[in-house]
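Residues per chain are reported as follows:
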Amino acid sequence: MYEGVSFVPLTWTDMLYLAPELALAAVFLIAVILDLLLPKAVNRQVIGWLSLAGILASLALVVIRMIDMNQGGVSAEAISLLANSYRIDDFSSLLKIVFLTGTALIVLLAIGSERDEGGIADKAEYFYLLLPALMGAMMMASSGNLVSLYIGLELLSLTSYVLVGLKRKSVLSAEAAFKYVVTGGISSAMVLFGMSYIYGITGSVDLGLISEALPQAMIDFKALAYVGFFFMLAGFGIKIAAAPFHAWAPDVYQGAPTPISAFLAVIAKGAALAAIFRMLYSIKLFNASGDPYMAKDIYFILLVLAASAMLIGTMTALGQKNAKRLLALSGVANAGYLLVPIGISITIVHSSNFSEFVFYLVAYLLMTIGAFAVVTVVSRAVGHEELKGFAGMYYRAPWTAAAMVIFILSLAGLPVSGGFFGKLFILLGAANAKAYWLVAIIVVSSVISYYFYFGLVRQMFMRSGNDDSEIRLSAATGIVIWVCAAGTLGLGLFPGPLMTWIDAVFSITGDLIMGR
Amino acid sequence: MSILSDIPILSFILLSPLLGLLVILLLPKQRSGWMKTAAVITTLVPLILSLWLYTDFDKQQGGASFEEQHTWVEVPLNKESQNGVSEFLFQFQYELGVDGLSLPLLLLTALVSAMAALAAVHVKKRWKAFFSWFLLLETGMLGVFLARDLFLFFIFFEITLIAMYFLIGIWGYFKRERAANQFLIYNGIGSAIMLIAFVILVNTAGFRIDQVGEQVNFIYSGSYTDIFRNMADPTAWVNMSPEQLGSINPFLMTDAMQRALFIMLLVAFGIKLPIFPFHTWMLKVHTEATPSIVMIHSGILLKMGAYGLLRFGFLLFPGQARSFASLLAVLGLVNLLYGAILAFRQREFKLVLAYSSISHMGIVLLGFAAFNEIGMQGAVFQLISHGLISALLFLIVGSIYERTGTTELNELGGLARSMPFLSGVLLAAGLASLGLPGLSGFVGEFLSLLGLFESMRWLVAAAALGIVLTAVYVLRAVLKITYGPLPERFGALRDARLVEAVPMIVLLAFILLLGCYPSILTDTVQLSVEGLLKPIFATRAGG
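Let me begin by describing the structure that accompanies this report. (Residues numbered from 1 in each chain as written. Chains lettered and ligands numbered in written order. Predicted model: local features only at pLDDT ≥ 70, side-chain atom pairs only at ≥ 80, totals over all residues. Heavy atoms only, no water.)

Some words on the interface of chain A and chain B
Thought 1: Every contact between the two is made by 47 residues of chain A and, on the other side, 44 residues of chain B.
Thought 2: Here chain A meets chain B over a buried area of about 4,200 Å², counting both sides, of which 70% is carbon and sulfur.
Thought 3: Across the contact surface, chain A and chain B share two salt bridges.
Thought 4: Measuring nitrogen to oxygen at the nearest pair gives 2.6 Å for the salt bridge that ties B:Glu177 to A:Arg463.
Thought 5: If you list the elements that add at least two residues to the side of chain A that touches chain B, you get helix 16 (393-396), helix 17 (398-412), helix 18 (418-432), helix 19 (436-462), helix 20 (475-493), helix 21 (496-505) and helix 22 (508-512) of chain A.
Thought 6: With 12 residues, the top contributor of residues to the side of chain A that touches chain B is helix 19 of chain A.
Thought 7: Of the residues that constitute the side of chain A that touches chain B, the class distribution is 34 nonpolar, 10 polar and three charged. (Contact = heavy atoms within 4.5 Å. Buried area = accessible area lost by both parts, 1.4 Å probe. Salt bridge = Lys/Arg side-chain N within 4 Å of Asp/Glu carboxyl O. Helix = DSSP H or I, 4+ residues; strand = E, 2+ residues; numbered from the N terminus. Nonpolar A, V, L, I, M, F, W, Y, C, P; charged D, E, K, R; others polar.)

Let's talk about the packing of aromatic side chains
By convention here, two paired aromatic rings are described through the distance between centres and the angle between planes.
Thought 1: Counting across every chain of the model gives 58 aromatic pairs over all chains.
Thought 2: Between A:Tyr394 and A:Phe461 the ring centres are 5.6 Å apart and the planes differ by 40 degrees, which places this aromatic pair in the tilted class. Highlighted residues: A:Tyr394 in helix 16 and A:Phe461 in helix 19, separated in sequence by 67 residues. No difference in accessibility class separates A:Tyr394 from A:Phe461, as the two residues are buried.
Thought 3: Ring centres of B:Phe269 and B:Phe312 lie 6.2 Å apart, and the angle between their planes is 15 degrees; on these two criteria the pair is classed as stacked. Placement of the pair is B:Phe269 in helix 9 (residues 255-272) and B:Phe312 in helix 11 (residues 291-314), with a sequence separation of 43 residues. As far as burial versus exposure is concerned, B:Phe269 and B:Phe312 are alike and both buried.
Thought 4: An aromatic cluster of three or more residues is present, and its members are A:Phe359, A:Phe420, A:Phe421, A:Phe425, B:Trp72, B:Phe92, B:Phe151 and B:Phe154.
Thought 5: The residue whose ring lies beneath B:Arg322 is B:Phe371, and the NZ or CZ to ring-centre distance is 5.0 Å. (Phe/Tyr/Trp six-rings, centres within 6.5 Å; stacked < 30°, edge-to-face > 60°. Buried < 20%, exposed > 50% of the residue type's maximum accessible area, 1.4 Å probe, protein only. Lys NZ or Arg CZ within 6 Å of the ring centre and 35° of its normal.)

Focus on the sheet that holds strand 1 (residues 68-76) of chain B
All names here are of chain B.
Thought 1: Strand order in the open sheet formed by four strands is 1-2-4-3, with mixed pairing between adjacent strands. Edge positions in the sheet fall to strand 1 and strand 3 (207-212), since each has one partner strand and no second. With strand direction ignored, the average angle separating the axes of adjacent strands in the sheet is 40 degrees.
Thought 2: Of the pairings in the sheet, the one linking strand 3 to strand 4 (residues 215-221) comprises six bridges and is antiparallel in character. For Ile-209, the partnering residue across the bridge sits in strand 4 and is Phe-218.
Thought 3: Across the face of the sheet, helix 5 (residues 150-171) comes into contact with strand 1 and strand 2 (87-96) while running at roughly 55 degrees to strand 2.
Thought 4: Along the sheet, helix 6 (residues 176-204) makes contact with strand 2, strand 3 and strand 4, crossing strand 4 at roughly 160 degrees. (Pairing = 2+ DSSP bridges. Axes fitted to C-alpha atoms, helices over the stretch in contact; angles between N-to-C directions.)

Set out below in structure tokens:
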């Protein structure tokens, strides 16, 4: 089987397809060099704006490519580069749009809150290190084989370890970085270990070839296949912070600079979920002819993981006193909701799992980044991130408090908000697949979550703080908060267009299951 | 044809409070007077429109001409049409409608909201936020009674939950936060159970087939009409099938599942109603929320529970409801007696009224359990009548508390001397509550028990005992407040102001009107009872 290493040359056309990623890389290099050359007196926010410009340019390139691809037919043929190790298809393009938009908002948030993160010595890194992390996330969404998937994962992980520890003078930040390095390392090791088994039994790292070889491999090495898949799932489980693999999340989110917490909560989580989605559906597990039980087992385990993430996430959040830890645990529960569309089976009647997944990811992105933005505002005004700091927000910043109510309603899954419809679509999908136990758990965990989400509302509207002075927020932060609030409300009032659009461009057979 | 059916009158009713909300948001923060006026005027709009609708109603064919329907959300389920099966969709509608069941409740909502807006003169802080949430709450309540789509109903139901949470938690009395929290969690659980039931219903009974030219769409619809049709006739969808469906049976609902769904709906709406073991949250709300909010809570929100139980529990699952009739009757009796006995033991007037609400809701359950036309009519009548009476009583409580600073029965007394008008209205409301003939309370109780007498005589005997108890506790409380020695510190109290007197007179007028001329309501309810409740009565023939 082993025939020596052969390199596939990268042609100019390939480079064109890779333009979004290359744009990010170029801007990253320019930012690094600029940071070295610019005199100390120059405010490093310049690099923040440069990074933002790079991200927006990359976003434009993705959108242009996507429009170009979807011009011809209903759903375009996927483009595979470098011997199918990198795929440009609607799956990856949609997720890249989500990641790029999210990171753009986060960079804007970082620019807005940069002044008060006094502990951060290397201000330029704060911005430009987000670019390779984002590139890693995009690679994970695009990867067509296990190796490029792993490279993307490592690129994302290694840069985020640094980002978490950026507040050098803060003990919490150092602790967070250390914890993240250790658990992240374990996660990568588990993913890699699982991948090696899959490679061992199928003889390939290419998802399409694995798919072909799997039925025979299942007959020969059933136990090894289980080990391979379950180790990979556990490794990704740590990355998406789904219970019981979530213990690191509260500490890391608390210690990291707030925009970085938002990045971990949204982009890192979304990328790992995308990787699971891509891997499981490309390998055609759901009709792996060799052994139907394994597919059932894997999907069932995903649903169990989802259920435990929802329940444990909401239960442990009940006792939290710190806003960022609270949001971390709410992120655990949300990882559970996002796992549901991946885990429920595709039937003749129901195969819109991906649109449910992306819709909720978008809603989750808006409400989580918005909530973290409000946390930056509050923590700057009161000097800490405890829930008590939200007291009297109604008097100090009524409009920000109103926006926070929108985010909280969305997080709690109450109408009229994007979170409500996101959860409803997931719920309907689960009910359509007759997974009624999961329906019950989704709904029950949402109700438990009312308790702590509305604890925040209580602080903001029903208590008064010691300080009544008005809170002023920077323009950049204000933009982030209101873009997120408007998006959340918009998705709550008109959820149809986004769902229809996703459905119009995406097709499971065309974009995910690799025809060979 | 009337002018009403040419315009989207239901949408006007539903959205008019939101327009007022926008106006109030634009008003300057300190102008509390302007905001109060704006809020009162805003609440008058749906009141006038629904009154107009009500008078115009029985000339129409059961209100069908008012219906509005627009597709709101359409989610494709399987784009990869495998095996030649056509497209499956989820569809939620913006669908509004009225019938004889919802129209009286709609009118009640508009009326009590307007009166509560007048009663909000006692609100002393953060007027802008108060009236914003208040008008949002009104939209939610109107929407609950207007919605003809399961998810639209759910959304409005949740809007009332959120708005009430803020209204209780910010403007309530001392333990307001606990009351708000308990309200949120209890009702959250109720809504959650309801949502599970709705999701399952849409995924089974919501099935419909749409054929547009060549394209055949299989739709899981949230529309009440579709679900009602499928539940009434489980084979209805087969007739629409263009023989393409093959072996898929999209609508399979076993008896066990139907029973489970009915129990879920019973619990979900039972929490709201509230049925006996689920009532603790509403006691807290009654004592801790500000009076104008309690008027709405006791006058309308409790009725949403009964309405939901009737519309989704009874009308969709007549067979199951039938088999639970004795349980419902017993639950109703427990509510009636438990509420009455505990109301007798209370030292705090608001708690007397809270337990009295539990007791009166028991009569509604008894009317439902009767399973005949008279019983149903009685139950609906009792809903409206109790809505008016309890709103009036809490309006008076608000005015008394404003003057005396207490609602403890031991500290009050002799108010008839200093406040003759207020005491007179209180006595009248009390008499209506205990079921004096000529006032609305009597008709509701009488019809409910008359209906029940047909099927369960022994229960009616026990229920009559509860009604006697009602007289005891109401008179005890009312007499304690109005007669006896007048504490010195209350000597200089002034009687009700005009702004307080107007809503009292209006509510009392409606109570009198319904008591003397009940057919103004029963005729409208009749329209629906005949058509909508047919499946319920049909089950009696079968078993």
